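What follows is the residue order along each chain.
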Amino acid sequence: MLQTIRERKGLQVLGLMFPGGVWLIVFFALPLALIFAISFMSRDDLSRPALPLTLANYQQTFDLLYINLFLFSVGLSLLTTLITLLIAFPVALFMARLPKRWRNLMTLLVMIPFWTNFLVRTYALQFLMRANGPINTLLLGLGLIDEPVQLLSTPFAVLVGLVYGELPFMILPLYTSLEKFDWSMIEAAQDLGANALNTLLRVMLPLTAPGILAGSILVFVPSVGSYITVELMGGGKINMIGRVIAQQFGQSSNWPFGSAISLLLMVVVTIAALIYFRIGRGERGAI
Amino acid sequence: MKNESNSSRWFHAPAALAGAIALLASACGGPATVTVAPPTAAPPASTQVEPAAQAAQDGVDRSRLSSELSIYNWSEYIAPEVIEKFEAEYGVKVIIDSFEDNESLFAKFQAGGNPGYDLIVPSDYMIERMIKAGMLDKIDWANVPNIKNIGPEYLNLYFDPNQEYSVPYFWGTTGIAYDTNRVEGEITSWRNIFQPAEGIRGRIGLLNDQRETIGAALRYLGYSPNSTDPNEIEAAKNLLLEHKQYVAGYYDSIVARDNLISGDVVVAMTYPGDALVAAQQKSSIKYVIPEDGATIWQDGWCIPVGAPHKYTAEVFLNFMLRPDIAAENANLMGYPTTNSEAVRQGLVDRALTQDKTIYPDVKAWGSRLEFLKHFEGETQALYDRAWTEVGVGQ
């Protein structure tokens, strides 16, 4: 009898794993295997992936051009992460210090932009930053500039777009972290003579590190592979990995090369995630 | 290529924003005031009243028509007024999706076959490529007798030598539009783009189209836009990389048009129809065909293999070839029509047909107007790679 229960339990576990497992296999493992296979293929006369197998696609990515592309994408994404952190931390702190009934409203306000299509919001940003858009008009009106500044199609424009788009993903984990924060710790630190900076750096930051790390990974990963923001804010002039991948699968009909870059992008993201887990473990150890 | 409408895309942005704000207001407990635009008017029921009489009139077997027709077209490349007429006359609902360049169209069909389109509108060299890839179906001319309205000079061209797979649509050039108020002197050639005067640096828009833009660079360097020489393609790539600092962006023609109107760019590589719409909104905008030459193109309606409603598609093509319809479409879109009968009957605006920048004298231009050719294998890969590198270069 004990055995039948055990068997049933095994069946139960299998049953519970089934939907997730199928999902994982169909929508993750299979496409990934396909991308992996295609990344070693060459192209036929009609630009379709074909045999023979080759390493050329990976060799091509080691061209200085593409190394720079990766460095630029990673750099801009790190900058995005840093800026969102700097903006999100005070916001999350403010939210966490509010009376409980206000907090939910604030969370709602942070989430409301999600109800509007991301594309529409990015177009709105684009509109603001046009040569004769509101920002330039304001600057001209104030006499700060003599002629419209080129804001769009610059790395700055892409950065603004990324920070704007990813900000909520930083605020929410930080807020969750700060909400659980035991404020008596601050009092204790102050009682022990720590100044404000010390309190922040040596008490608050370590204790909210899980939120900071979660937020950072949530911001960094989509940024490094972002496509729409780069396309719209970069005006075809600024390129990041995501846009080049899209170009390979579209315009250039070069699936093998696109697949190779995709896999390298996954390596970058995996490295970021590994760093995240490593630091995360370290932090927990410290606490 | 070639896009059109009377309102530019960024004009929609504030409207979309207003909608978003209304949504927010309603979400916050305010009155919900979002109004949803009614769907395109359904065809009047009267069209189905006397099918027999109409069948006798135009030879269309209405019982074979589908209820829907799915078209994959360049964005804003057919007048909505014409679509409405077709819907009203035949009781067929037309659904239009849009693409931005020939290569994207090809990639879509290459990725997983025909996703369910009845008609597509590739340009010359892409028609050839798609025929070779076995992506197009032969058109049953018995259902498209109005093909007789197309001038002989637009038929049996290199990309479809036996006129089996395509119905000529618009043709035109890829030239330069600029704002005469903001550019000193005249823009006359690609030299003005690739050796830009001080005043237009950073205010130049190029097309986000590998063959067109690399082609323009090749031409400026004195090579053919159909060059297959790796060194020449390399030189064109290097020129574009060097020139990138002066470029405001690489746009599709609609975005280029909007940026011209808004003033974000003062010079843009574009197509005549887009330039015309820009000029309607800002009269200082002028289109020129560079004197050193330009791409000439001709788009065609094609039925992709696996089209669910081939007969309806052919009925649609026959409708589009009617002189009155072709003329209305041409007048609204501003592109040169291939429907010579419509021009002969005087249905197309003379202001258009006599404008030499829109309807250039092809014979006088001679070899300076050149069709882009389809490439295979290695050469195509060279262009793909060059264009990717231009995009990636900082």
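Structure first, text after, so check above.
On a predicted model such as this, the values are computed, not experimentally measured, just so you know. (Residues numbered from 1 in each chain as written. Chains lettered and ligands numbered in written order. Predicted model: local features only at pLDDT ≥ 70, side-chain atom pairs only at ≥ 80, totals over all residues. Heavy atoms only, no water.)

Participant: Hey, could you run me through the interface of chain A and chain B in this one?
Facilitator: Interfaces are often sized by the amount of accessible area the parts lose when they come together. The partner chain B presents 49 residues to the 41 residues of chain A that form the contact. Carbon and sulfur atoms supply 51% of the area buried between chain A and chain B, which totals about 3,700 Å² over both sides. The salt bridge partner of Arg385(B) is Asp63(A), with a shortest N-O separation of 3.2 Å. Remark: the boundary between chain A and chain B carries 17 residue pairs in polar contact (both at pLDDT 80 or more). (Contact = heavy atoms within 4.5 Å. Buried area = accessible area lost by both parts, 1.4 Å probe. Salt bridge = Lys/Arg side-chain N within 4 Å of Asp/Glu carboxyl O. Polar contact = N/O pair within 3.5 Å; in protein donor to acceptor, adjacent residues only side chain to side chain.)

Participant: Explanation requested: helix α7 (residues 210-220) of chain B in the structure shown.
Facilitator: The α-helix winds at 3.6 residues per turn, so residues separated by three or four positions along the chain end up facing the same way. Residue and element names in this part refer to chain B. With ten of its eleven residues buried, α7 lies for the most part within the structure. Taken as a whole, α7 has its buried residues at Gln-210, Arg-211, Glu-212, Thr-213, Ile-214, Gly-215, Ala-216, Ala-217, Leu-218 and Arg-219. In this structure Asp-209 caps α7, since a side-chain oxygen of it lies 3.3 Å from the backbone nitrogen of Arg-211. The first or second residue beyond α7 is Gly-222, which carries a positive phi of 90°. (Buried < 20%, exposed > 50% of the residue type's maximum accessible area, 1.4 Å probe, protein only. Helix = DSSP H or I, 4+ residues; strand = E, 2+ residues; numbered from the N terminus.)

Participant: I tried to follow the packing of aromatic side chains on my own but got confused; where do I start?
Facilitator: The relation between two aromatic rings is expressed through the spacing of the ring centres and the mutual angle of the planes. Residue and element names in this part refer to chain B. What the rule picks out here adds up to 33 aromatic pairs over all chains. A connected cluster of aromatic rings, assembled from ring pairs, spans Tyr-77, Phe-86, Tyr-90, Tyr-169, Phe-170, Tyr-271, Trp-297, Trp-301, Phe-316, Phe-319 and Tyr-335. In this structure, Lys-373 packs its charged tip against the face of Tyr-158, placed 5.1 Å from the ring centre. (Phe/Tyr/Trp six-rings, centres within 6.5 Å; stacked < 30°, edge-to-face > 60°. Lys NZ or Arg CZ within 6 Å of the ring centre and 35° of its normal.)

Participant: What is the right way to read unusual backbone geometry from this model?
Facilitator: Trans is the prevailing form of peptide bonds, just as negative phi is the prevailing case for residues other than glycine. Residue and element names in this part refer to chain A. The amide bond that connects Leu-51 to the next residue, Pro-52, takes the cis arrangement and shows omega of 5°. Checked against the element boundaries, Pro-52 lands in strand β2 (residues 49-53). With a phi angle near 60°, Ser-153 is a residue other than glycine that sits in the positive phi range. Note on placement: Ser-153 falls in the loop between α6 (134-141) and α7 (155-179).

Participant: I would appreciate a short explanation of the pairing of strand β8 (residues 267-270) of chain B in the present structure.
Facilitator: A regular strand carries its side chains on alternate faces of the sheet. Residue and element names in this part refer to chain B. Along β8, one buried face is formed by Val-267 and Met-269 and the opposite face, lined by Ala-268 and Thr-270, is buried too. When strand β5 (residues 166-179) meets β8, the two strands line up antiparallel, connected through four bridges. When the bridges of β8 are listed, Gly-175 appears paired with Thr-270. As judged from the two bridges shared by strand β6 (residues 204-207) and β8, these two strands associate in the parallel manner. (Pairing = 2+ DSSP bridges.)

Participant: When you look at the pairing of β6(B) in this model, what are you seeing that I'm missing?
Facilitator: Residues and elements named next belong to chain B. On β6, burial covers both faces: Ile-204 and Leu-206 on one face and Gly-205 and Leu-207 on the other are all buried. Where β6 meets strand β7 (residues 247-251), four bridges bridge the pair, whose relative direction is parallel. Residue pairing across strands places Ile-204 opposite Val-247, the latter belonging to β7.

Participant: What's the story with the nonpolar core in this structure? I'm lost.
Facilitator: Where a protein is soluble and globular, its nonpolar side chains tend to be buried together. Grouped together as the largest cluster of nonpolar side chains are 118 residues, with contacts concentrated most on Trp301(B) and Phe316(B). In this view, Phe316(B) contacts Leu69(B), Ile71(B), Ile78(B), Ile83(B), Phe86(B), Leu119(B) and Trp301(B); residues no more than four positions away in its chain are not counted. Among the nonpolar cores identified, the runner-up in size contains 22 residues, and Ala96(A), Leu178(A), Ala189(A) and Ile212(A) belong to it. (Core = buried A, V, L, I, M, F, W, Y, C linked by side-chain atoms within 4.5 Å.)

Participant: Whenever I open this one, helix α11 (residues 310-320) of chain B confuses me. Can you help?
Facilitator: Residues and elements named next belong to chain B. When you tally the buried positions in α11, you get ten out of eleven residues, the bulk of the element. Among the residues of α11, Tyr-311, Thr-312, Ala-313, Glu-314, Val-315, Phe-316, Leu-317, Asn-318, Phe-319 and Met-320 are the ones counted as buried. Contacts made by the buried residues of α11 are with β1 (68-74), α3 (80-90), β3 (119-120), β5, β10 (294-304) and α12 (323-333).

Participant: How should I be thinking about the pattern of salt bridges in this particular structure?
Facilitator: Pairs may arise between side chains of opposite charge once their charged atoms sit close together. Counting across every chain of the model gives 21 salt bridges over all chains. The shortest N-O distance in the salt bridge between Arg385(B) and Glu389(B) comes to 3.0 Å. With Arg385(B) and Glu389(B) both in helix α16 (residues 377-392) and four residues apart, this pair spans about one turn of that helix. Residues joined by salt bridges that share partners form a network here, namely Asp63(A), Glu234(B), Lys237(B), Arg385(B) and Glu389(B).

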